[in-house]
Each structure stands twice: as structure tokens, then as C-alpha cells.
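# Structure assessment
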Amino acid sequence: MKQYVMGNGAIALGALSAGVRLVAGYPGTPSSEIIETVSRAPHEGVHLEWSVNEKAALEVAAAAAYSGARAMVTMKQMGLNVASDPLMSVAYIGVKGGLVIVSADDPGPISSQTEQDTRRYADFCRIPVFDPASPEEAYEMIREAFAYSEKYNTPVLFRPTTRVCHAYAAIETPDSFAPGPCDGFVRDPGRWVIFPRLSYMNHGKIEQRNVEIGKDFSSFRFNTVEGTGSGKAVVTSGVSYNYVRECLKGHDGIRLIRVATAFPFPEDFMLKALDGVQEVLCVEELSPYIEEQILKTAGKHHLALKVSGKLDGSVPHNGENSVELCSAILDRFLGIRTGLAQTDVSDAPELPVRPPVLCAGCPHRASFYAVKQAMKGRQAVFCGDIGCYTLGNAMPLDMVDTCLCMGAGITMAQGLNHMNEGVTCFAFVGDSTFFASGITGVVNAVYNEADIILCVLDNSTTAMTGHQPHPGTGRNMMGNAVEKVSIEKVLEGIGVRKILTVDPLNLDEAVYAVEQCAEEKGVRAIVFRSPCVAITKPQGKCAVEAAKCVNCRKCIREIGCPALTTVDGAVTIDRNLCTGCGLCSHICPVHAIGGEKG
Amino acid sequence: MNKDILICGVGGQGTVLASRIIAAAAMEEGSSVHSAETIGMAQRGGSVTSHVRSGDEAYSPMIPFGAADMLLAFEPGEAVRNLRYLRRGGTAVVNTTAVKPVTESLRDTGYDGSEMVNYLQGKCDCIFINAEEVCKPFGSTKFFNIIMLGVAAGSGHLGLKSETLLKMIGQYVPSRFLDVNIRAFNAGMEIAGQTSGNLKGE
């Protein structure tokens, strides 16, 4: 069957066709659609879950692989930081069934906090890594990844990047999938229980094995050489390989080397590929990993080789590559002219800036506004977190003073509290992030006597990554209705004394809740509960009564809702965007904004 | 035959559906197709693009600058932002109705898209359509993406048969909205018929 799918879909279908029996992960752009594709494809007999976070996902999947089943874990690159604890250890222990850890990197970064490189993790943990250049390759390569994982009894990393994850291509797949075998867990404490002695033994074996894998990878079909030209060669990997190919259309013969397995480095392959080459240019994204391996190889074998790339400034360290960037780099290195004639746009008028903003009607806007109103004139600091609500930083709300990583807002508010007397410290966290890594932070706050106000922005979904369910939503990826984990009860169980629940769209009530909490000490929590507008029907539409409006524009200035605009100088509500949340009607000093139930 | 189509606009305008229908139609006509879309944070009111590439020599998932045969711009400022993708002699279908960013309401620079339209006229072959006007008979801007498809098809520069596009529209839109979508597509075709005579041609 031919299917037109996203790279992430290709990864999912490839894993299903390889007989995967358990898939777990945590949502994160650019990886989220892998699990979503599995859930939509026929997957009878496959255990599928959005785990509470990446660490949980990897541990669940590792045990499945101990049991002899093929298992896959999916996450974005920073999720691998969360999962790095089990990752390092399972690398020592090894697996029985194939275990593939998909960690999607995000050069740019486009939707991430860091430009980290998963290939470094592979090297750090001493496990193989696969780097597909396109959706078609991803489909084929993930199946190879399972095979290699089982051949060498090791977990393997699979590292696509955003442009591979989000590219679409037609893939030929079987009509149905059947999960592979699962022998069941066999007790063997000498194999499955990590102890210093076992780690010492396995460390030695792993290094020996990696030499073997490096040799094996030297004949891996996705490590390729094109062109017979000598003198100069271009080495590339991942999507950059396709950017370079795009540039070199019509320039036949240039030697193009592509490495799809950065670790263990296929040294024999590279030595052969570099035969007759004196100058090599490395075009890769994120870190200069392959470039360093080539330098190492050149030193080891006394090659008279000039190596260019990120380390000599030929290729930028930061940002993603593109056809245009590669074209300029190749032109300089090869002394040729690539690239197409372009329209000159240097004389273009100034373009409107379009930063991402909270959607019209988003309840987060109301929550932030309520806190802002309640704390007017008082000293306060607002710790943000990862999710749609990071957008609360934008003007005019301007309600995010720190943002670091998943769950950090809760703990950073504590550190700020301990060092900044007289300042009320707020932590904003979304419902999914609360479950993923917020709970331990609340325990820390209660135990270590912090004075913070925790604001849980509960919109009943994981909105930013595409509306995935989580433990508070009452449904899971097996399609079952399950008991909702109650945020209030969790807080109560931890020992938070003051817990208020409000609807942020009821502005007066929400402001009053914040004022009440601001008067007290200790850990106080407010659950702002209102569903994401993208998963609910609009409640109606608001409209401005032109006769009453005095055009003071307070509504626009205070909340920055995308539905509020001016047409011919008059404040207007865009009916196509408005959800009837009514926040603006609470703000209007002359009551010129009315609601209309739809 | 290689054909590169760049679709651009603002998150929420329905560019993704338009690009999926173009990709599906190109496949239906036997081409090898690749595409790429903006996903994630930028979808929240930000600039979005979809790249649809058909033909065997499309390596990069994104269209290189200077390669797009057609620019399908749902917003005039976005047309200018993405003009570098259009090849010399390529055609731009441009909505003249501006989408003001929230920051614009706060700062009031007077952006209304007209300076973009003026600029584009001197730069490439353009077919302009006014979304506000053409959407009136439909009572909603919801079908504007399909009207744009109709214009693109009617211009003759999309390289796809209108029957194929209509067939794919049938597969992609809910059946209860099929009739109105077909009307939207035909309305677009008509607009193209009226305006394409003004083009300089290739």
C-alpha cells in the first residue's frame, strides 16, 4: 500500500513493519507525530502509550526489550536529557529484543531551547546511532536499527532532524502489521541487575563490540559515496546530504560522501571513500561530529588531508543548514557556481512581524491577566515553563520572567524566594508539564518550606505539541477511558495547604483567588481550569458596540488578543477568530463589548 | 516534469489543506511528490509555508530560492516575505487582504498590505484576488483556501488538471461541505479566467 506520510509517520510505519510490540514516548516537536501515526495505523497487539515523561517511557520500553519484544521510545532531543539516566545504564546492560530510542534533533532551533546533538549522546553512551536523510530512508533505516539492536544486543539511537520529521513522501508499506515475538522475561540477575562489577565487565565488552560495529557499518547501505572526482570531497549527513545533492545538480562527478552512522564511526568506509582526496569539506548540522571523526581518522592514519567545516569557520556552528547556505559554502570550497537566479528583494517594504501568540480565547491569557491584575503595585516575579503558556512572555502580557526546561518554573520560583525577600514568587505550569516533571518540585517546595504561589494552567490537553492526552485527561493511547489523575488531590497528598480552583474566564473570581493567596505564606496553589480553545466549540462571539466605544483601546493594550484589531481606526472584533471567551468585555471601562451566545 | 509550488500565509488560513490537495493531485497524476510544512509554535498566528515539490529531482524537502514555479500567497506581506522562492518568470497568486499581526494593533504602523501589492506588481507576474470580496457569497473565509486552489488551477501554471484537483477535494473535505467547496473552487477558476489575460506570460 502506498501512503503519503510525514517523516514521523514513516518512522512509525517502519517500526510497525519491523514488528514493534511496545511504543512509548512523551510529546515534543518535532517528534510527536510518530506515536500519533502508530495510534491511527492498524496496531493490534502493540502496547502504545504517552508516558508521563521520557525517563518513564525509556524504562517501560527497556523492560519490554528485556522481555524479548521489539520496543521503540520517541522524544525530542531535550527529552533525551530527561531520559539520560536510564539511557546511560541500559547502554551497559544491553537488551534482548530490539530497543530503538528515537530522539529528534531540532537544528535552528525551530521549536526548542537547545541545539544539542543526539549523536554526541550516542558517543557518550557508546551505542550506535542512525541518521536518516529523508522520510523514505527513515522508513527503511528504522527497520535496520531494530535488526542491529538485536544483532549486538544493544539499545540504539535513531536521530532524525526537524526537516526529515516534517517532510512528506510516499512510502510503500504492507497493508497490515503483526507484532513480532515476545519470549517473556527470563530471570537472570547476572544480566539484568546493574552492579559495579557488571558495569566493569560490560564496559570492556562494549568497547570491543563497537570496533566490530564500526566495521559492520563500513558496509552499511546508507553510508554512500557518489562521484569519482579526486582532490576535493564533500562529506555530509542527514538532511544536509539532500541540500548538497540539490546544489550539485548538473555538477556531475564531485565526490560526495554521506555518513548515516556517525557512531561507531565507519572508519574503513571513510578511509576508502577518501582515497585520492586532499581536501574535504564537512557539511553537517548541530555539532561538528563527523568532522572531528575525520580529523581523528586522518591523524591515526597520517593522511595528508585538509579538513574544512565548522571548526575552521567554513560552516556556521549554529542554526540549520539550507540549500542556499550549502550553495554558498560549496561554491567557496569547490570554486564552482551553484544556486539559481533569484528575485532581488533588497528593496522590499518593511514586513509585518508575526511572533507566535496565544490564540484568541486562550484561557492562559485570562490566567496571566488575573495574576497581573491581582499583583499590581506589589513586588512579584513570574517563573514560566515549557508549553503554549511560554507565550505569556509576549507584550502586552509580559508575564514570564524565567523559562528554563520542563518543570523548572516550580523549583526556580523556590530559589528566587529564598534569595529575594519581600518578592512574591509565582510558578506557572501547564497540566501536562505538571505531571511530566512538576510534582517532584512541589514536594521540594513543601519539604524545604518555600513561599511560592503555584499556578497550574489546566487546559485539559498537551496543547503546544498537538493536543495529546495525559494522566489528567481520563483517556490513554490504548483508546481507553481511565481514572483522571486529579491535580488537586496530588497537591493535597503532597501537603499543599491552600489549593483553590478557578475558571480563569471568570475574571473577578480569578483575581480574588490570587489576592487571597498573596496574603498567605507557604506553598499555595491555584488551579486555573478551562479547556484549550482548539479542542472545544466556541461559546459564542463578542462584538463592540460602536456607539458606546470611546476608542480608548484598553482592550487591545491590556490583553493582546489576536481577535481584537482596528479597522479604519475603530476597535473591531474579528468574528472568524473570536471564541466568545468574554475576557475583553470584563476589561472595557465603558462596557462597550457585549457577548452573543453562538 | 519538475514542478515546485510554494504556499504561504498566516497560521490558521488553511494553507496546509491546500498543499495536501495539490500534493495528492500531483500524485494522482503520476508524479513523485515531496512536501514540507511549518509545524509547531509558528502555527499560532505566525508565518507559515508549505513546499510542494513534484518530479524525480526534488532532493531538498524545501524549495530552493529561485525555483518555485508558483507562489500561492494567502496574505500580501507573506507573498513578499517568500518572493525569493519564486523563479524568474514564475507566477504569484496573491490575496490582497492583509492579516494584521497582533503587534500591529499595539503599535499601529498602518500596515494594510497595499504597499506589498504595489511592490509585487513590479517584481513578478501576479494574479491578485481580494479574499474579503470573493468570500462574501460564501458567508465565511473558511473556503478561501479552496478558492485559491481554483485560481491557481485556472491560471494554467499549476500543471494539474482541475478534474484531478476536484477529485482530491472530494477526498479531503467532509462530504457535507463538498458542494460548497466545489462552488469555491469554480469561483476561483472563474477569477483566474478573468485576470490571467493581464499576465505578461513566460
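See above for the structure.
Owing to the predicted nature of the structure, the values given are computational and were not obtained by experimental measurement. Sequence order sets the numbering: in each chain, residues are counted from 1 along the sequence as written. Labels follow written order: the first chain is A, the first ligand is 1, and so on. Selection of residues for local features in this predicted model requires a pLDDT of at least 70, selection of side-chain atom pairs for listing and counting requires 80 or more, and totals for whole chains, interfaces and linings are taken over all residues. Note that the side-chain values use all heavy atoms of the structure and ignore hydrogens as well as water.

What follows covers the sheet that holds strand β12 (residues 277–283) of chain A. All names here are of chain A. Should DSSP find at least two bridges between two strands, the strands are regarded as paired. For helices the rule is a DSSP run of H or I covering at least 4 residues; for strands it is a run of E covering at least 2, with both sets numbered from the N terminus onward. Strand order in the open sheet formed by 5 strands is β9-β11-β10-β12-β13, with mixed pairing between adjacent strands. Two strands lie at the open edges of the sheet, namely β9 (224–226) and β13 (306–308), each paired on one side alone. Direction aside, the axes of adjacent strands within the sheet are offset by 20 degrees on average. Relative to β13, β12 is paired through 3 bridges, and the arrangement is parallel. Opposite Glu279, over in β13, you have Lys306 as the bridge partner. Lying on the sheet, helix α13 (residues 289–300) is in contact with β10 (231–236), β12 and β13; it crosses β13 at an angle near 170 degrees. Angles shown run from 0 to 180 degrees and are taken between the N-to-C directions of axes, each axis being a line fitted to C-alpha atoms and, for helices, limited to the stretch in contact. For this analysis, residues touch if any pair of their heavy atoms sits within 4.5 Å.

Residues and elements named next belong to chain A. Put simply, buried Ala, Val, Leu, Ile, Met, Phe, Trp, Tyr and Cys residues joined by side-chain atoms within 4.5 Å make one nonpolar core. Think of it in three bands: residues with accessible area under 20% of the maximum for their type are buried, residues over 50% are exposed, and the middle band is partly exposed, with areas taken using a 1.4 Å probe on protein chains only. By size, the foremost hydrophobic cluster in this structure holds 77 residues, and its most contacted members are Val371, Phe434 and Leu454. With 7 residues, the single largest contributor to this core is helix α19 (residues 507–518). Not counting chain neighbours up to four residues away, the residues in contact with Val371 comprise Phe382, Met399, Phe426, Phe428, Cys455, Val514 and Phe528. In terms of nonpolar packing, the next biggest core, distinct from the first, is built from 49 residues, Val95, Ile101, Tyr121 and Ile127 among them.

This part covers the environment of Asn506(A). Residues and elements named next belong to chain A. Topologically, Asn506 is positioned in the loop between β17 (498–502) and α19. For Asn506, a relative accessible area of 34% puts it in the partly exposed group. Taking C-alpha positions, Asn506 is 8.5 Å from Ala366, a pair spaced 140 residues apart along the chain.

Looking now at the pattern of salt bridges. Residue and element names in this part refer to chain A. Each salt bridge in this description consists of a side-chain nitrogen of Lys or Arg and a carboxyl oxygen of Asp or Glu lying within 4 Å of one another. Going through the model one piece at a time under the given rule, you end up with 34 salt bridges over all chains. Between Arg221 and Glu144 there is a salt bridge, with its nearest N and O atoms 2.7 Å apart. Here Glu144 lies in helix α7 (residues 135–151) and Arg221 lies in the loop between α10 (196–217) and β9, a separation of 77 residues in the sequence. Given a relative accessible area of 19%, Glu144 falls into the buried group. Taking the shortest distance from any N to any O, the salt bridge between Lys300 and Glu267 comes out at 3.0 Å. Here Lys300 is found in helix α13, whereas its partner Glu267 is found in helix α12 (residues 267–273), with 33 residues between them in sequence. In the salt-bridge network here, residues are joined through shared partners; they are Asp105, Asp117, Arg119, Asp131, Arg159 and Glu284.

Moving on to helix α7 (residues 162–172) of chain B. Residues and elements named next belong to chain B. Among all positions of α7, only Ser162, Thr164, Leu165, Met168 and Ile169 are buried. Axial view of α7: buried residues confined to an arc of 155 degrees, hence all on one face. Seen from the buried face of α7, the exposed residues on the opposite side, beyond 90 degrees, are Glu163 and Gln171. Here the buried face of α7 lies against α1 (15–28), α6 (144–155) and α8 (178–195). Comment: arc refers to directions from the helix axis out to C-beta atoms.

So, on to the interface of chain B and chain A. Each side of the interface is counted separately: chain B has 50 residues, and chain A has 54 residues. Buried area: the accessible area, evaluated with a 1.4 Å probe, that two parts lose upon being put together, summed over both parts. With both chains or domains summed, chain B and chain A bury close to 4700 Å², and 60% of this area falls on carbon and sulfur atoms. Applying the counting rule to chain B against chain A returns 4 salt bridges. The partner of Arg354(A) in a salt bridge is Glu75(B), and the shortest N-O contact between them spans 3.0 Å. Definition of a polar contact: a pair of N or O atoms within 3.5 Å, with one able to donate and the other able to accept a hydrogen when the atoms are protein atoms, and with sequence-neighbouring residues admitted only if both atoms are side-chain atoms. Counting across the interface, chain B meets chain A through 19 residue pairs in polar contact (both at pLDDT 80 or more). For the side of chain B that touches chain A, the secondary structure elements donating two or more residues are α1, β2 (33–37), β3 (47–54), α2 (76–81), β5 (86–95), α3 (102–107) and α4 (114–121) of chain B. With 5 residues, the single largest contributor to the side of chain B that touches chain A is β2(B). Charged means Asp, Glu, Lys or Arg here, nonpolar means Ala, Val, Leu, Ile, Met, Phe, Trp, Tyr, Cys or Pro, and polar covers whatever is left, Gly included. Looking at the side of chain B that touches chain A residue by residue, the class counts come to 24 nonpolar, 12 polar and 14 charged.

It is worth spelling out unusual backbone geometry at this point. Residue and element names in this part refer to chain A. Going from Phe263 to Pro264, the amide bond is cis rather than trans, its omega being -15 degrees. For Pro264, the location among the structural elements is in the loop between β11 (255–258) and α12. Backbone geometry places Asn153, a non-glycine residue, at a positive phi of 50 degrees. Position of Asn153 among the secondary structure elements: in the loop between α7 and β7 (156–158).

Residue and element names in this part refer to chain A. Where burial is concerned, most of helix α6 (residues 118–125) is hidden: 6 out of the 8 residues are buried. Thr118, Arg119, Tyr121, Ala122, Asp123 and Cys125 are the residues of α6 that are buried. Arg126, located one to two residues past α6, shows a positive phi value of around 65 degrees.

Our focus in this paragraph is the sheet that holds strand β3 (residues 47–50) of chain A. One open sheet holds the 6 strands; their spatial order is β3-β2-β4-β5-β7-β6 (chain A), and the pairing between them is parallel. Every interior strand has two partners, whereas the edge strands, β3 and β6 (129–130) of chain A, have only one.

Our focus in this paragraph is the layout of surface pockets. The calculated volume of the second largest pocket comes to roughly 790 Å³. Surrounding the second largest pocket, 33 residues form its lining, Arg163(A), Glu320(A), Thr38(B), Thr49(B) and Tyr85(B) being those nearest its centre. Elements with a contribution of two residues or more to the lining of the second largest pocket: α8 (162–165) and α14 (323–334) of chain A together with β2, β3 and α2 of chain B. It is β3(B) that contributes the most residues to the lining of the second largest pocket, 4 residues altogether. Split by residue class, the lining of the second largest pocket holds 15 nonpolar, 11 polar and 7 charged. A cavity here means a set of points on a 1 Å grid, drawn over the protein atoms and nothing else, where a 1.4 Å probe fits but cannot get out; a pocket is an open set with protein on both sides within 12 Å along at least five of seven lines, and a residue lines either one if it has an atom within 4 Å of a point. Grid points are joined across faces, edges and corners, and a volume is the space filled by probe spheres set on the points.

Our focus in this paragraph is the side chain of Ser31(A). Residues and elements named next belong to chain A. Secondary-structure assignment places Ser31 in the loop between β2 (22–25) and α2 (33–40). Assessed through its relative accessible area of 0%, Ser31 is described here as buried. At a separation of 3.4 Å, a polar atom in the side chain of Ser31 contacts the main-chain amide nitrogen of Lys76. Ignoring any residue separated from it by four or fewer positions in sequence, one finds Ser31 in contact with Asn8, Tyr26, Met75, Lys76 and Ala104.

The subject of this paragraph is the pairing of β11(A). Residue and element names in this part refer to chain A. Alternating positions in β11 separate into two faces, Arg255 and Ile257 on one and Leu256 and Arg258 on the other, with burial throughout. Here β9 runs beside β11; their pairing, made up of 3 bridges, is antiparallel. In the sheet register, Glu226 faces β11, and the bridge partner there is Leu256. Where β10 meets β11, 4 bridges bridge the pair, whose relative direction is parallel.

Residue and element names in this part refer to chain A. Ring pairs shown here join Phe, Tyr and Trp side chains whose ring centres sit within 6.5 Å, with only the six-membered ring taken for Trp; geometry is labelled stacked below 30 degrees between planes, edge-to-face above 60, and tilted in between. On inspection of all chains with the given rule, the structure shows 20 aromatic pairs over all chains. Ring geometry for Phe130 versus Phe220: centroids 5.7 Å apart, planes at 65 degrees, classification edge-to-face. Here Phe130, found in strand β6, pairs with Phe220, found in the loop between α10 and β9; they are 90 residues apart in sequence, far enough to count as distant. Phe220 matches Phe130 in its accessibility class, with the two residues each being buried. A centroid spacing of 6.2 Å and a plane angle of 50 degrees characterise the contact between Phe382 and Phe428, whose relative ring orientation is tilted. With a gap of 46 residues between them, Phe382 in strand β14 (residues 380–383) and Phe428 in strand β15 (residues 424–430) connect regions that are remote in the sequence.

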